[in-house]
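# Working through the structure, step by step
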Amino acid sequence: MRQCILTVAQARAIIEEGHKLLLAGDENVLRKLPKGNWIGGTIPYFITHDQGGMMSRTALFATDISDVVETMEIVRYDHNNLSKVFTDGADHSFSFIIIPARSIAHLAFALNAPRYQDFGKRPLVGWISGVHLDELGEITPKVYNGTTGAAFSEGALVLHADLIPGKAAKLGIINLFEQGDGDSLTFPVDGFSARVVFVNGEKDNLAAYITQNRLDTKLPLVANYNGIMANTSFQNVDDVSEEVTFYAPVFKDVVYKHARPVSNYETAFKEHLGTKQQITEDKVVFSCNCILNYLYSGLEGKTTDPFSGPVTFGEIAAQLLNQTLIFLEILDDGQ
């Protein structure tokens, strides 16, 4: 199986056989692995085909790309040169990126990716690494370069991959949230936090607006980014400082609306997939889902077939997304 849960011993064996792997797991697991053709990030939450959503401090989630990737190169970027990621990736079939949560690189990518040169020229897919929720603020998320054995809590690791002949990569996004019928919200500046919001063009304090209107902050703000409905999830509303913080940035002059509620995530997900029957497990090489979907929609023990993968602190499909499932398909060239 291309995507599966592995023990450390099982992972060691296939790494030593030369397999090309995308790995996710707790730091204590990843650091036990030998050098090889792999890239990894820290997270102990996964969604699997057989057990559904789960947490493990001893297992790894592995995606084996050996059968579709001919050559690969892992490159470390810092926040100063991360703007080259699309330009560098343009010479390859696709690029896979992992960035530690709350690192300088995370903030730089989130705010600036749509303005990077050659944005979207080739598929860039990946995720934001994290930690067990009980260790927030205590343990630093990390990324691992398997070819060198080095771990980093700052910067981004990118695997630039070339597919075997006759194959092509395609990004996909599944967002169950849509804009509600409420007020139009815009912001005067880009950022991960906001005090000032314009509600239907009228200036207001965002924290006060949320409190007065009893907005459910488990539901994100939704905006149309170049034809893609993208979420900005709430992290905290501080009524004392009158500041609202987000898991992804809001952008100046973009129109946001509070999301329409999703009554049952599992049911809504299956209904959504019913309109996308061409997506099959054998074509999906990688996918990941957001930790907020995992928590708010109660995905422990529930499956999201045909998708499985790490549960992340942010999803990357060209740019940073929240409360979204993203995936990479490998298709016959021309499909």
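Here the structure is a predicted model, which means the values were calculated and not measured.

### Some remarks on the overall build of the protein
Within the protein, the regular secondary structure consists of 7 helices and 27 strands. In terms of C-alpha radius of gyration, the protein reaches 19 Å, essentially the compact-globule figure of 20 Å for 335 residues. Taken over the C-alpha atoms alone, the protein extends approximately 60 × 45 × 40 Å along its principal axes. Here the protein holds 335 residues, and 55% of them are scored as buried. Considering only contacts in the protein between residues 6 or more positions apart, those separated by 24 or more positions represent 76%. Roughly 14,200 Å² of accessible area belongs to the protein as shown, and the carbon and sulfur atoms make up 47% of that amount. When the 27 positive and 40 negative side-chain charges of the protein are each reduced to one mean point, those points stand 2 Å apart.

### Description of the environment of arginine 102
You can see arginine 102 is positioned in the loop between strand E8 (94-100) and helix H4 (104-112). When the C-alpha positions of arginine 102 and serine 129 are compared, they lie 9.4 Å apart, and in sequence the two are 27 residues distant. Not counting residues up to four positions away in its chain, the partners in contact with arginine 102 are Leu107, Phe192, Gln235, Phe246 and Tyr247.

### What about the nonpolar core?
Soluble, globular proteins show a tendency: their nonpolar side chains are buried together. Core analysis: the largest hydrophobic core is formed by 91 residues, its most contacted members being Phe96 and Tyr256. Ranked by residue count, the leading element in this core is strand E12 (residues 156-163), at 6 residues. Among all residues touching phenylalanine 96, those that are not within four sequence positions of it are Leu22, Ile39, Val125, Gly126, Trp127, Leu157, Val158, Leu159 and Phe286. Among the nonpolar cores identified, the runner-up in size contains 14 residues, and Leu6, Leu23, Leu30 and Tyr144 belong to it.

### Comments concerning the sheet that holds strand E4 (residues 45-48)
Spatially, 6 strands are ordered E5-E4-E24-E23-E27-E13 in an open sheet, and the strand pairing comes out mixed. One side of each edge strand has no neighbouring strand; the edge strands of this open sheet are strand E5 (52-55) and strand E13 (167-174). Recorded for the sheet is a direction-independent mean angle of 25° between the axes of neighbouring strands. Summarising the sheet, E4 and E5 pair through 4 bridges and their orientation is antiparallel. The residue of E5 that forms the bridge with isoleucine 47 is glycine 53.

### So, the layout of surface pockets
The volume enclosed by the largest pocket comes to roughly 380 Å³. Along its surface, the largest pocket is lined by 18 residues, and Ala101, Leu136, Gln235, Tyr247 and Phe313 are the ones closest to its centre. For the lining of the largest pocket, a count of residues per class yields 12 nonpolar, 4 polar and 2 charged.

### Quick look at the side chain of histidine 49
Note on placement: histidine 49 falls in the loop between E4 and E5. The exposure class of histidine 49 is buried, given its relative accessible area of 16%. One polar contact links histidine 49 to aspartate 305, side chain to side chain, over a distance of 2.8 Å. In this structure the side chain of histidine 49 is engaged in a polar contact, spanning 3.2 Å, whose partner is the side chain of serine 308.

### Brief notes about unusual backbone geometry
Looking along the chain, the bond that leaves aspartate 305 and enters proline 306 is cis, with omega of 10°. Here proline 306 lies in the loop between helix H7 (291-296) and strand E24 (309-312). Its identity is not glycine, yet arginine 102 carries a phi of approximately 65°, on the positive side. In this structure arginine 102 comes out as partly exposed when scored by relative accessible area, which is 43%. Positive phi values are uncommon outside glycine, yet aspartate 253 reaches one of about 70°.

### Quick notes on empty space enclosed by the protein
One pass over the structure, following the stated rule, counts 4 cavities of 30 Å³ or more. The calculated volume of the largest cavity comes to roughly 70 Å³. Lining the largest cavity are Ala110, Pro114, Tyr225, Ala230, Asn231, Thr232, Ala248, Pro249, Phe251, Gln319, Leu320 and Leu321. Put simply, the parts of the chain that give the lining of the largest cavity at least two residues each are strand E19 (228-232), strand E21 (243-250) and strand E26 (319-321). Grouping the amino acids of the lining of the largest cavity by side-chain chemistry returns 9 nonpolar, 3 polar and no charged.

### Brief notes about the pairing of strand E23 (residues 284-290)
One face of the sheet, then the other: side chains in a regular strand alternate in exactly this way. For E23, the buried fraction is high: 7 of the 7 residues fall into the buried class. Direction of pairing for E23 relative to strand E27 (residues 325-332): antiparallel, over a ladder of 4 bridges. The residue of E27 that forms the bridge with phenylalanine 286 is leucine 328. Relative to E24, E23 runs parallel, the two being bridged by 2 bridges. Across the sheet, residue cysteine 290 finds its bridge partner in E24, namely threonine 312.

Criteria and thresholds
Residues numbered from 1 in each chain as written. Predicted model: local features only at pLDDT ≥ 70, side-chain atom pairs only at ≥ 80, totals over all residues. Heavy atoms only, no water. Helix = DSSP H or I, 4+ residues; strand = E, 2+ residues; numbered from the N terminus. Rg over C-alpha atoms; globule rule 2.2 N^0.38 Å. Buried < 20%, exposed > 50% of the residue type's maximum accessible area, 1.4 Å probe, protein only. Contact = heavy atoms within 4.5 Å. Areas by Shrake-Rupley, 256 points an atom, 1.4 Å probe, with all protein chains shown as cover. Lys, Arg positive; Asp, Glu negative; His and termini not counted. Charge placed at Lys NZ, Arg CZ, Asp CG, Glu CD. Core = buried A, V, L, I, M, F, W, Y, C linked by side-chain atoms within 4.5 Å. Pairing = 2+ DSSP bridges. Axes fitted to C-alpha atoms, helices over the stretch in contact; angles between N-to-C directions. 1 Å grid on protein atoms, 1.4 Å probe; cavity = no way out; pocket = protein on both sides within 12 Å on 5 of 7 lines; lining within 4 Å. Points joined across faces, edges and corners; volume = space filled by probe spheres on them. Nonpolar A, V, L, I, M, F, W, Y, C, P; charged D, E, K, R; others polar. Polar contact = N/O pair within 3.5 Å; in protein donor to acceptor, adjacent residues only side chain to side chain.

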